[in-house]
Amino acid sequence: MAARDSNGEVGRARRACGLIVRVGRAVGGRVRTAKRRGVASVLAMMFLIMFGSLVAAMAVVSRGNIRTAETHQHVLRAMGAAETGMRVAEARLGEAASRFVVAKSTIDGSFAWNLWMGNTGSLGTIDVKAAPSGHDEEGEPSGLAEAVANIHAADENIVELNGLSAPVITSAMAGADLTEYMADGWVMTPAISLGEEGDALNTVAAFQIIYAPLANGTDIRAIVVGYDLAQTAGGEPVTRTMMKDFRLAKRVDHAIISPSRILIGKNVHVEGDMGARYSDINQDNGDPVVIRSDFYGIDPTLDAKLEDLFAQLENFDVDQDNRLRVGHPIEGAGIPDNSEDYDGDASPDNAFVDITGDGYVDEFDVFINHYDTNHDGRVALSDALRYGTPSDGLAAEFTADDDLALLIDSLSPDRNRNGVSGFTDLNGNGRWDPADESLLDYDTRNSTYPDQVLGYRDGVLDALDQYSKVHGSIGFKITSAGWTAAQGDYGDKLRGPITGGNGAPLQFGVSDDDLPYIDVDTLGETGEELRDDADGASFEQQLADNLGVSVDALAAYSEAKPDGTNQPRYFRLDPDTDGDGLPDNYATAYYEKMPFNSPNYTDWYYRPVIENMTFRDVQIPRGTNALFVNCTFIGVTWVHSYPLNNHPHWSLYGRMVWDAAEGHPAPAYPRTVYGDDAGEDGTDAPSMLPGSAIPPDQLLLLADEPLDKGDILDSQVGAFDAGDYANLPDPLLIEGKRVTDTKLYANNLRFHDCLVVGSIVSDTPEQYTHVRNKMQFTGATRFQQKHPEFPDDPQYNPESDDVAEIIKSSMLLPNYSVDIGAFNSPNSQDVQLKGAVIAGVLDVRGNASIDGALLLTFAPTAGAGPLRDFLGNPIGNPANFNSSIGYFGPEDGDEESLDPETLPIVGGDRIVGWDTDGDGLADVSPFEAQPPGSTAVPFYGYGKVTLRFDPNMILPDGVMLPMSIGAVSGSYREGKP
């Protein structure tokens, strides 16, 4: 039977099928075979189905992955196109904005929106520059929107999408939220292909930009759609959209811009970019920028270490930041040997260890290593500077220069960047006094001062102070090669670390767009709003009110109040009524050198002296030339001067020299006065013109040296060489009168120990004349925006309606020469300036802080302005007109000062000269023998000066600068609007 026949057909079939036959087992003496039910076949079929399914699934998945990868590639291409488009949008918007040079500085929603739309009739002075990219235009764009459209109209590789083949200015897209967007003024551009010429359309990506003005008026939203133009299954390109907002603004991006040389001295820190436009580098001292080391000159051993560092910087400093990078293949190899023994103690000094741990070796590292005697990585300051700080218990390690120590320990007051910093300056001396003044940034959670925890005024100098000489970059109009060819290697002219700038530390050949030109033409109507705020009573009325007399009584006023009473006092200066070139009361009047206490002065000034008075919103008449002592100026002070000061002898008319025989200053050029008006105005205009008949009895005084044709009688013209006479300039005429003393038409003022609560603004003279239009701020003069003692009392503070303009500029003195600090400033000096400080040339010495920007207007040019004689010939050296912050001397081109490093040492102290009259001022040069009975005047020290750029400041209206854009923080997002 089949069941028993294991060798039968069934068995053979099973074996042929490869099935496994179960072995039977004995039951009851018999062998029982297992039943065969086809299980192996079922399993085989299941595996077959499983593997087949897996194969099919893998095929499906593979195809899906391919499609996913392809889709991802489309997305990435679209996203990349959008990112490219955003960069283009930012560049195009920035270029369009930079074409509009505007006088208005308050860029509010109304101004920005009207500028965007081209409604510029009520926006003040606007100049439109040619397109930087050089594209063709049918005409000058009326507004920013049109300028943007014009740029895109020149684009190539246009891809027509959404029906656009050219940019259009149109209304908002359908569905736009008009509470967020403007309803019109949208600029829509055609799509731009990113492919190469000849590429098939379906192989390239593209982007399209929409410039959507926002409802606030100041912001433009760039909406960029990126396309991958390859066809997808749905027949539509893949797109990705991103958006970013840009704010229209007008700003200057530098802490200082100067067309004259910039000198940055010892104990000076600059936080912000510097812009050097000076280019006459072939002159003596023609270096456009000179920066002094803060540490050189303190200690001879330290000097030796620094000299070795300087030598290596010259050869190994690749990026010109005055530091050597640790581990860098070139700079690291230049770090001097730390095994050198400089102090002779037979052990290595380790002078060039990166003690601050910032990855660089610079002057600050060498300084800390030199003075850190206990090797704790920090230098403890003097007892006075550690008092009340967390370092109070340490032993002093550096006491040689408290001003320098305080400068570094106070760098970057807001170290945790929370917007709160500094201290309550109760006594107004600019220094934190821990006994009764509190630091402002206080953390109540743990009773600490966060800024101090991060090193601000903690009593030590260490890595937390993050020292640099210039925290920014320096831009030059000149080229590096040109400077080297003219002056040799410039490395030794720039000392101290230059860090933190955008781009290279030194940038050469900078364009006018990045380094704007600022002069009196650029300034336009700058300061008009400030001048309008000087609306108080007249200067004479306020002077009389302070004295308690009438205005008429001022002409004969005689001061009788004793010194030291802090009462208002007035020492008048009488006019010159007898034509001798001297005030009628010269015998008792006060006079001083100009510049004040300068070792190389250029003139003398007789001055009225005004003490202990308060003026509010006052206008100081031209020709006042006063000395203000311990006076307070509240609000806006407007200084007047005659603007048309272009006569070649403007600074010579009225010049005085010391008359040793008479013992007082006297006119350098005795003058001829003609006509029947022998008063201070000289003569009627027709009386002194060449060719007029002048009777001999009208000749009051014949000039020893004629300055102009008016000095020569008509009858005497023939006695002069014709060429010499022809070369004499015409007389100076002002308002129909001949002028022989321009001091009456300019203003040279000195403010000593004064408090300015507000701003000082001047008229705008056409020419820079450093002798005539000058202001000097000496002693403990201070600038504040609120009264330090009565900050909330309206009686002592500017009018509330004036504050908005006052905060824009503490000092707006175009083409004036400004001196902050004297040539030996006392430690009590504390000048604090804010906003845009505008002057012709500015010199800062002693203790001062400037938070804002310095915008200087005088570009010294050989053969122009004060650098030409009356024949138009070039005279003098343009490099001697410089803006110096800190102390320099004649060897550096600062002819009116002395370099402290060259001062002689008498009795262990450097002296600035000899005091012969007991007033505490030097009357005789320190390099001359001591006069009998005189005393030495010591040098009071370098002080400290900080110049910090304020990116949030608003410029005064009238400063002609280009518009710009800035990305709005946090505005980037992806997705459709």
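Since we're looking at a predicted model, the values are computed, not measured.

Scanning the protein chain from N- to C-terminus turns up 15 helices and 50 strands. Burial status across the protein chain gives 50% buried among its 977 residues. Taking the contacts inside the protein chain whose residues are at least 6 apart along the sequence as the reference set, 66% of them involve residues at least 24 apart. Element-wise, carbon and sulfur atoms account for 51% of the exposed surface of the protein chain, whose accessible area totals about 43200 Å².

Among the secondary structure elements, Asn645 is positioned in the loop between strand 32 (632–639) and strand 33 (656–659). Take Asn645: its relative accessible area is 1%, and that puts it in the buried class. Among all residues touching Asn645, those that are not within four sequence positions of it are Trp650, Pro765, Glu766, Gln767, Thr769 and Asn773.

Scanning all chains against the criterion turns up 2 cavities of 30 Å³ or more. Those elements that provide at least two residues to the lining of the second largest cavity are strand 40 (782–784) and strand 42 (831–844). Taken together, the residues of the lining of the second largest cavity break down into 1 nonpolar, 5 polar and 1 charged.

Bringing the state of the cysteines into the picture now. This model, assessed by the stated rule, comprises 0 disulfides. Unpaired in this structure, Cys631 has its nearest cysteine sulfur neighbour in Cys754, at a distance of 4.9 Å.

This part is about unusual backbone geometry. Cis rather than trans, the peptide bond between Met594 and Pro595 has omega equal to 0°. Note that Pro595 resides in the loop between strand 26 (590–594) and strand 27 (603–607). Even without glycine at this site, Asn267 takes up a positive phi of about 65°. By the secondary structure assignment, Asn267 is in the loop between strand 13 (261–264) and strand 14 (268–271). Of note in the backbone geometry, Asn350 takes a positive phi value of approximately 50° without being a glycine. Here Asn350 shows up in the loop between strand 17 (324–325) and strand 18 (360–361).

A separate point is the packing of aromatic side chains. If you walk through the whole model with that rule in mind, you get 41 aromatic pairs. Aromatic side chains Phe615 and Phe633 sit 5.4 Å apart centroid to centroid with 15° between the ring planes, which places their arrangement in the stacked category. Taken as a pair, Phe615 in strand 29 (residues 614–616) and Phe633 in strand 32 lie far apart in primary sequence, 18 residues in all. The burial state of Phe615 is the same as that of Phe633; both residues are buried. Seen in terms of ring centroids, Tyr887 and Tyr942 are 6.0 Å apart; in terms of plane orientation they differ by 80°. Their pairing is edge-to-face. Of this pair, Tyr887 sits in the loop between strand 44 (882–885) and strand 45 (905–906) while Tyr942 is found in the loop between strand 47 (935–938) and strand 48 (945–949), placing the two residues 55 residues apart along the sequence. Overall, Tyr942 belongs to the buried group, its relative accessible area being 14%. Above the plane of the ring of Tyr725 lies Lys709, whose end atom (NZ or CZ) is 5.6 Å from the centre.

Turning to the pairing of strand 49 (residues 961–967), a few remarks are in order. For strand 49, a buried count of 6 out of 7 residues is recorded, marking the element as mostly surrounded by other parts of the structure. In this structure, strand 3 (residues 100–102) lies alongside strand 49, joined through 2 bridges in antiparallel fashion. Residue Val102 lies in a different strand from strand 49, and its bridge partner there is Leu961.

Glancing now at the nonpolar core. Within the largest apolar cluster, 63 residues are counted, with the highest numbers of intra-cluster contacts made by Ile610, Phe628 and Ile820. Element by element, the count of residues in this core is highest for strand 42, at 6 residues. Core analysis: the next-biggest nonpolar cluster, separate from the first, contains 38 residues, Ile107, Val148, Ile192 and Ile965 among them.

To continue, consider the pattern of salt bridges. Per the counting criterion, the structure on display carries 43 salt bridges. Linking Arg77 and Asp228 is a salt bridge whose minimum nitrogen-to-oxygen distance equals 3.6 Å. On the criterion of sequence distance, the pair formed by Arg77 in helix 2 (residues 39–98) and Asp228 in strand 10 (residues 219–228) is long-range, its members being 151 residues apart. On the basis of relative accessibility, which here comes to 27%, the residue Arg77 falls in the partly exposed class. Relative accessible area serves as the criterion here: at 0%, Asp228 is assigned to the buried category. As a salt-bridge pair, Glu180 and Arg221 come within 2.7 Å of each other at their nearest N and O atoms. One end of the pair, Glu180, is in the loop between strand 6 (168–170) and strand 7 (186–188); the other, Arg221, is in strand 10, and 41 residues separate them in sequence. Looking at Glu180, the relative accessible area reads 30%, which means it is partly exposed.

So, about the sheet that holds strand 47. Reading across the sheet, the 3 strands line up as 45-46-47 and stay open at both edges, with antiparallel pairing between neighbours. In this open sheet, the two strands that pair with only one neighbour each are strand 45 and strand 47. Sheet topology note: the strand 46 (residues 909–915)/strand 47 ladder contains 4 bridges and is antiparallel. Within strand 47, the residue paired with Asp915 across the bridge is Thr935.

Tracing the backbone through its elements, the reader meets Thr632 in strand 32. Residues contacting Thr632, with those up to four places away along its chain left out, are Met613, Thr614, Phe615 and Leu755.

Let us now look at a negative patch on the surface. Together, Glu307, Asp308, Asp337 and Glu340 give the surface a local cluster of negative charge. Residue placement: Glu307 occurs in helix 5 (residues 300–316). By relative accessible area, Glu307 is classed as partly exposed at 41%.

All right, on to helix 8 (residues 402–409) then. Of all 8 residues in helix 8, 7 are buried, a share of seventy percent or more. For helix 8, the full list of buried residues reads Asp403, Leu404, Ala405, Leu406, Leu407, Ile408 and Asp409. The inward-facing, buried residues of helix 8 contact strand 14, helix 6 (363–371), helix 7 (383–386), strand 20 (460–461) and strand 48. Capping of helix 8 at its N-terminal end is provided by Asp401; its side-chain oxygen lies 3.1 Å from the backbone amide nitrogen of Asp403.

By the secondary structure assignment, Asp915 is in strand 46. Of the side chains bearing the opposite charge, Lys593 lies closest to the buried Asp915, which forms no salt bridge; the N-O distance is 9.9 Å. Polar contacts involving the side chain of Asp915 include one to the main-chain amide nitrogen of Asp919, which spans 3.3 Å. Contacts of Asp915, omitting those with residues within four sequence positions, involve Gly920, Leu921, Asp923, Ser934, Thr935 and Val937.

Moving on, we come to a nonpolar patch on the surface. A cluster of nonpolar side chains, namely Val42, Leu43, Met46, Phe47, Met50, Phe51 and Leu54, defines an oily patch on the protein surface of about 680 Å² accessible area. Residue placement: Met50 occurs in helix 2. Overall, the relative accessible area of 43% leaves Met50 in the partly exposed class.

Structurally, Pro608 is set in the loop between strand 27 and strand 28 (609–611). For Pro608 and Tyr591, which are 17 residues apart along the polypeptide, the C-alpha to C-alpha distance reads 8.7 Å. In this structure, Pro608 is in contact with Tyr570, Phe571, Arg572, Leu573, Thr624, Asn625, Ala626 and Leu627, ignoring residues within four places of it in sequence.

The predicted model of the protein chain has a mean per-residue pLDDT of 86, with 89% of residues at 70 or higher. Scored below 50 in pLDDT, residues 672–703 makes 73 contacts in the model with residues more than four places away or belonging to other chains.

Bringing the packing of helix 5 against helix 6 into the picture now. Contact geometry of helix 5 with helix 6 gives a least axis separation of 10 Å together with a crossing angle of 150°. Regarding the angle of helix 5 to helix 6, the classification is roughly antiparallel. Where helix 5 crosses over helix 6, the two elements pack in a sense that is right-handed. Taking contact as the criterion, the partners of Thr301, Leu302, Lys305, Leu306, Leu309 and Phe310 in helix 5 are, on helix 6, Glu363, Val366, Phe367, His370 and Tyr371.

It is worth spelling out helix 13 (residues 539–547) at this point. Looking only at helix 13, the buried set comprises Phe539, Gln542, Leu543, Ala544 and Leu547. Buried-residue contacts for helix 13 involve strand 25 (569–571), strand 28, strand 29, strand 30 (619–620) and strand 31 (627–629). Phi turns positive one or two residues past the end of helix 13, at Gly548, with a value near 75°.

Conventions we followed
- Residues numbered from 1 in each chain as written.
- Predicted model: local features only at pLDDT ≥ 70, side-chain atom pairs only at ≥ 80, totals over all residues.
- Heavy atoms only, no water.
- Helix = DSSP H or I, 4+ residues; strand = E, 2+ residues; numbered from the N terminus.
- Buried < 20%, exposed > 50% of the residue type's maximum accessible area, 1.4 Å probe, protein only.
- Contact = heavy atoms within 4.5 Å.
- Areas by Shrake-Rupley, 256 points an atom, 1.4 Å probe, with all protein chains shown as cover.
- 1 Å grid on protein atoms, 1.4 Å probe; cavity = no way out; pocket = protein on both sides within 12 Å on 5 of 7 lines; lining within 4 Å.
- Points joined across faces, edges and corners; volume = space filled by probe spheres on them.
- Nonpolar A, V, L, I, M, F, W, Y, C, P; charged D, E, K, R; others polar.
- Disulfide = S-S within 2.5 Å.
- Phe/Tyr/Trp six-rings, centres within 6.5 Å; stacked < 30°, edge-to-face > 60°.
- Lys NZ or Arg CZ within 6 Å of the ring centre and 35° of its normal.
- Pairing = 2+ DSSP bridges.
- Core = buried A, V, L, I, M, F, W, Y, C linked by side-chain atoms within 4.5 Å.
- Salt bridge = Lys/Arg side-chain N within 4 Å of Asp/Glu carboxyl O.
- Patch = residues over 30% accessible without salt bridge, like charges linked within 9 Å, V, L, I, M, F, W, Y side chains within 5 Å.
- Lys, Arg positive; Asp, Glu negative; His and termini not counted.
- Charge placed at Lys NZ, Arg CZ, Asp CG, Glu CD.
- Polar contact = N/O pair within 3.5 Å; in protein donor to acceptor, adjacent residues only side chain to side chain.
- pLDDT = per-residue confidence, 0-100.
- Axes fitted to C-alpha atoms, helices over the stretch in contact; angles between N-to-C directions.
- Parallel < 35°, antiparallel > 145°, perpendicular 65-115°, else oblique.
- Left-handed = near helix turned anticlockwise from the far one by under 90°.

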